[in-house]
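Chain and residue survey
The residues making up each chain are set out below.
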Amino acid sequence: MNIFRIVPKRTDKRKYGDSPYRDVLTILLFVFLLPYVISCLWGHIGEQTEVFRHKDEEETEWLDMRYEVAISGEWGKKRMTMQEYLIRKLRLVMPEEEDGSFYEEEALKAQAVLLRTELWSLFLAKEPSAEELLVLQEDALLYPEEENAAWDEMPYREAVLETDGIFLSYEGKPVKAAFFPVSNGQTRNAGEALQSDKYPYLKGVECGQDIMAQNYQSQLVLTREEYCKIIENLFAVNAAEEGLWEGLEFIYDSTGYVTEAVLMDCRCSGETFREAFQLNSASFRAEWGEDAVTFQVKGVGHGFGMSQYGADRKAAEGDTFDEILKHYFFQAELLKIE
């Protein structure tokens, strides 16, 4: 690197009667005064830095603090900020593991964004009232404070604060912020499964890591009597009629989830069927024996949007929360509440 300096023209010092020791005295004076100058200068800068840092903390106002939610349930009614609601809800949908571990930080952030997106969509859809902006019936978020003093657990709080005000959007509007625990190996395409173009961002994506989840596979065995009782209530038929024992047919989407259950002229959705039988997901196969039926199930939840287990694995591999959301929500983008 070339450095250019302006240098005074050399002169004959003796011509002007200067002392030959003047330069030496100047250097010594500079050496002795330099520590004092540096101390004063850096001391002042350090003080200003602390002032700015303190000022920044005082002036920080999280966007999530500006909006309030009224929760109503068995324990009564509680008014809280969006921030407090999101921290509580995040702890509820991504709870601490039995061994005391938490989901990965970036997975928690991705989930926090989805919860805020869901809540912000409700804010936009509701006209503010004079008394309360938004009322939700969520009894699980209401509990005696003394029994749940840890609701403000640090990982959940940090995930909410570090994504403050951020929501997931498609064409400027909040997306349907769908999420579930574990996929059957891939997520579902809403256009195919729901026969609707309302959610173009919910495309089927590969989730190969989900097969490693502890609850990836499950099984349910029911006696003939138990099975027939549920079938009678679900389809309003007499299950004792001939041909109904093995007469049930299932229609699957391309990802292996049941979209419809058909019994003679009666139909119900795959989600309705799996809820009636309390199956972990609608990705299942049924095997009828002589006196019992066995359901082999893969995954947990409806299969649309973000797999929580998959998000956790991606975070463990180094993906950030925005990269995680980009994987599960096609062409969606992050915006900030204004």
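Check the entry above for the structure.
The structure contained in this document is the topic of the report that follows. (Residues numbered from 1 in each chain as written. Predicted model: local features only at pLDDT ≥ 70, side-chain atom pairs only at ≥ 80, totals over all residues. Heavy atoms only, no water.)

**Quick notes on the overall build of the protein**
- Secondary structure summary: the protein contains 9 helices and 14 strands in total.
- Carbon and sulfur atoms make up 51% of the accessible area of the protein, which totals about 20,800 Å². (Helix = DSSP H or I, 4+ residues; strand = E, 2+ residues; numbered from the N terminus. Areas by Shrake-Rupley, 256 points an atom, 1.4 Å probe, with all protein chains shown as cover.)

**Some words on the side chain of Lys-89**
- Position of Lys-89 among the secondary structure elements: in helix 2 (residues 82-93).
- Among the residues examined, Lys-89 registers a relative accessible area of 11% and is labelled buried.
- Beyond its immediate chain neighbours, meaning those up to four positions away, Lys-89 contacts Leu-115, Glu-118, Glu-138 and Leu-141. (Buried < 20%, exposed > 50% of the residue type's maximum accessible area, 1.4 Å probe, protein only. Contact = heavy atoms within 4.5 Å.)

**A few points about the packing of helix 2 against helix 4 (residues 154-161)**
- Running from amino to carboxyl end, helix 2 crosses helix 4 at an angle of 130°, the nearest separation of the two axes being 9 Å. Relative to helix 4, the element helix 2 is oriented oblique. Seen from above, helix 2 lies across helix 4 with right-handed handedness. When helix 2 is examined against helix 4, the residues Gln-83, Leu-86, Ile-87, Leu-90 and Arg-91 are found in contact with a partner set consisting of Tyr-156, Arg-157, Ala-159, Val-160 and Leu-161.
- Tallied by class, residues from the contact of helix 2 with helix 4 come to 7 nonpolar, 1 polar and 2 charged. (Axes fitted to C-alpha atoms, helices over the stretch in contact; angles between N-to-C directions. Parallel < 35°, antiparallel > 145°, perpendicular 65-115°, else oblique. Left-handed = near helix turned anticlockwise from the far one by under 90°. Nonpolar A, V, L, I, M, F, W, Y, C, P; charged D, E, K, R; others polar.)

**Observations concerning the packing of aromatic side chains**
- Taken as a whole and judged by the stated rule, the model has 16 aromatic pairs.
- Both rings, one in Tyr-67 and one in Phe-123, keep their centres 5.6 Å apart while their planes meet at 65°; by these two values the pair is edge-to-face. Within this pair, whereas Tyr-67 is found in the loop between helix 1 (22-59) and strand 1 (68-73), its partner Phe-123 is found in helix 3 (residues 105-125), the two being separated by 56 residues in sequence. Pair check on accessibility: Tyr-67 and Phe-123 agree, each one buried. (Phe/Tyr/Trp six-rings, centres within 6.5 Å; stacked < 30°, edge-to-face > 60°.)

**Some details on the nonpolar core**
- Among the nonpolar cores identified, the biggest contains 54 residues, and Tyr-85, Leu-90, Leu-119, Met-306, Leu-325 and Phe-329 are the most heavily contacted of them.
- Elements with a contribution of two residues or more to this core: strand 1, helix 2, helix 3, helix 4, strand 4 (166-170), helix 5 (190-193), helix 8 (308-316) and helix 9 (321-328).
- The element contributing the most residues to this core is helix 3, with 10 residues.
- Of all hydrophobic cores here, the second largest spans 21 residues; its members include Leu-222, Trp-245, Phe-250 and Phe-284. (Core = buried A, V, L, I, M, F, W, Y, C linked by side-chain atoms within 4.5 Å.)

**Notes on helix 2**
- Between its first and last C-alpha atoms helix 2 spans 16 Å; for 12 residues at 1.5 Å apiece the expected length is 16 Å, and the two agree.
- Of the positions making up helix 2, those classed as buried are Met-82, Gln-83, Glu-84, Tyr-85, Leu-86, Ile-87, Arg-88, Lys-89, Leu-90 and Val-93. (Expected span 1.5 Å × (residues − 1).)

**Topic: helix 9**
- Those residues of helix 9 not exposed but buried are Phe-321, Ile-324, Leu-325 and Tyr-328. Within helix 9, the buried residues cover an arc of 95° as seen down the axis, which keeps them to one side.
- Along its buried surface, helix 9 packs onto helix 3, strand 4, strand 13 (306-307), helix 8 and strand 14 (333-336). (Arc of directions from axis to C-beta.)

**Re the environment of Tyr-103**
- With respect to the helices, strands and loops of the structure, Tyr-103 is situated in the loop between helix 2 and helix 3.
- Separated by 212 residues in sequence, Tyr-103 and Ala-315 have C-alpha atoms that sit 9.0 Å apart.
- What Tyr-103 contacts, discounting residues up to four positions off in sequence, is Met-94, Pro-95, Glu-97, Leu-108, Gln-308 and Asp-312.

**Concerning the sheet that holds strand 10 (residues 266-269)**
- Ordered by their spatial adjacency, 3 strands build an open sheet running 8-9-10, and the pairing between neighbours is antiparallel. A strand with exactly one partner marks an edge of an open sheet, and here the two such strands are strand 8 (248-252) and strand 10. In this sheet, neighbouring strand axes are inclined to one another by 20° on average, regardless of whether the strands run parallel or antiparallel.
- As paired elements, strand 9 (residues 258-263) and strand 10 share 4 bridges and run antiparallel to each other. Bridge pairing in strand 10 places Val-262 opposite Arg-267.
- Strands in contact with helix 6 (residues 224-235) are strand 8, strand 9 and strand 10; relative to strand 10, the strand with the most contacts, it is inclined by about 95°. (Pairing = 2+ DSSP bridges.)

**Some points on the side chain of Ser-169**
- With respect to the helices and strands, the residue Ser-169 is situated in strand 4.
- In this view, Ser-169 contacts Pro-174, Val-175, Ala-332, Glu-333 and Leu-335; residues no more than four positions away in its chain are not counted.

**Quick look at the sheet that holds strand 4**
- Spatially, 5-4-14 is the arrangement adopted by the 3 strands of the open sheet, whose pairing is antiparallel. A single partner strand is all that each edge strand has here, and the edge strands are strand 5 (173-174) and strand 14.
- The pairing of strand 4 with strand 14 spans 4 bridges and is classified as antiparallel. Across the sheet, the residue bridging to Leu-168 is Leu-334, located in strand 14.
- Most of the contacts of helix 3 go to strand 4, to which it runs at about 70°, and overall it touches strand 4, strand 5 and strand 14.

**A word on the pairing of strand 1**
- With 6 bridges joining them, strand 1 and strand 2 (residues 76-81) adopt antiparallel strand pairing. The residue bridging Ala-70 from the neighbouring strand is Arg-79, located in strand 2.
- Linkage of strand 1 to strand 2, two consecutive antiparallel strands, is achieved through a turn of 2 residues.

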